[in-house]
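# Secondary and tertiary structure notes
Letter by letter, the chains look like this.
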Amino acid sequence: MGDVSGVLLAIADGITQCPNGGSVAHWLVAKHLKDDAIDLPVGRKPAVSLQGYLERLYGEFKAEFAMPEYEGMLNSGASLSVVLLHDQVADCLWAGDSPIYHSRKVRKDYETQLLTRPDHERSGQLNNCFGAHAAFTLHHCRVQLAVDDIMTVTSDGILVDDYTLGRIYGAKGFGSAAIQEMFRISRRAPFWDDLSVAAGKASA
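The paragraphs below set out a description of the structure included in this document. (Residues numbered from 1 in each chain as written. Predicted model: local features only at pLDDT ≥ 70, side-chain atom pairs only at ≥ 80, totals over all residues. Heavy atoms only, no water.)

### Let's talk about the sheet that holds strand S9 (residues 197-201)
With antiparallel pairing, four strands are arranged side by side in an open sheet as S5-S4-S8-S9. The open sheet has two edge strands, strand S5 (109-114) and S9, and neither has a second partner. Averaged over all pairs of adjacent strands, the angle between strand axes in this sheet comes to 20 degrees, irrespective of strand direction. By the bridge criterion, five bridges tie strand S8 (residues 150-154) to S9 in an arrangement that is antiparallel. If you follow Thr152 over to S9, its bridge partner there is Ala199. Its contacts with the sheet place helix H4 (residues 162-172) against strand S4 (100-106), S5, S8 and S9, and it is angled at close to 150 degrees to S5. (Pairing = 2+ DSSP bridges. Helix = DSSP H or I, 4+ residues; strand = E, 2+ residues; numbered from the N terminus. Axes fitted to C-alpha atoms, helices over the stretch in contact; angles between N-to-C directions. Contact = heavy atoms within 4.5 Å.)

### What to know about helix H1 (residues 21-33)
Three- or four-residue spacings in an α-helix give side chains the same orientation, since the helix completes a turn every 3.6 residues. Taking 1.5 Å of rise per residue, 13 residues should cover 18 Å, and H1 covers 17 Å from first to last C-alpha, within 8% of that figure. Along H1, the residues classified as buried are Gly21, Val24, Ala25, Trp27, Leu28, His32 and Leu33. Buried residues belonging to H1 abut strand S1 (7-14), helix H2 (46-64), helix H3 (71-74), strand S2 (77-86) and strand S6 (130-131). (Expected span 1.5 Å × (residues − 1). Buried < 20%, exposed > 50% of the residue type's maximum accessible area, 1.4 Å probe, protein only.)

### Observations concerning the layout of surface pockets
Rolling a probe over the atoms, with the probe sized like a water molecule, indicates the empty space that remains. Its boundaries defined by the atoms lining it, the largest pocket holds a volume of some 400 Å³. Taken together, 23 residues form the lining of the largest pocket, with Ile15, Thr16, Gln17, Asp97 and Leu126 sitting closest to its centre. Residue composition of the lining of the largest pocket, by class: nine nonpolar, 10 polar and four charged. Taken as a whole, the second largest pocket encloses approximately 160 Å³ of empty space. Around the second largest pocket, the lining comprises 12 residues; the ones closest to its centre are Leu85, His86, Gln88, Ala202 and Ser203. Classifying every residue of the lining of the second largest pocket gives five nonpolar, five polar and two charged. (1 Å grid on protein atoms, 1.4 Å probe; cavity = no way out; pocket = protein on both sides within 12 Å on 5 of 7 lines; lining within 4 Å. Points joined across faces, edges and corners; volume = space filled by probe spheres on them. Nonpolar A, V, L, I, M, F, W, Y, C, P; charged D, E, K, R; others polar.)

### A look at the pairing of S4
Where S4 meets S8, four bridges bridge the pair, whose relative direction is antiparallel. If you follow Tyr101 over to S8, its bridge partner there is Thr152. Counted along the chain from S4 to the antiparallel partner S5, the turn is two residues long, and its residue Arg107 has a positive phi close to 60 degrees.

Shown next as structure tokens:
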């Protein structure tokens, strides 16, 4: 991070139908999002700086794999959803179908809202993502956070909805027990996809 401090939650989920979707997701997270120093200067909206970084990263991706022998990478893509937690605010940016949820404690339970809608055509095919020759058009929303609010980003293989996620946090609290419950529910399906969760909790 730069001058503005914060926490970045990120999920990159490779598109199964692509030959190297998992490799695109790995390039995004392991090579860049995990370790890059993202410049968030004071005086500029953090969401604008983060969006600029992600768009430049897309340019780097296309340049790095421009040679014909890397055609499989450019033909492949990943859904990307990120949440920047800073100054009691969550800035959410996404392209694809990895959902982002906001959970707020109400009495003993959590009310949860799904903030994103998937970028799907009527056929169910993704029409916006990182890679796969897509335009990579980032959506944005901002959430004002209260103490103990939870932001959750998942891959589309996590088979919970907003109601179920609220019940999980109400029963398990914020932490590994809640994530394991998400995994348990998702693995009940006859076939299950990659299971990834990133979550952060607002503090005072």
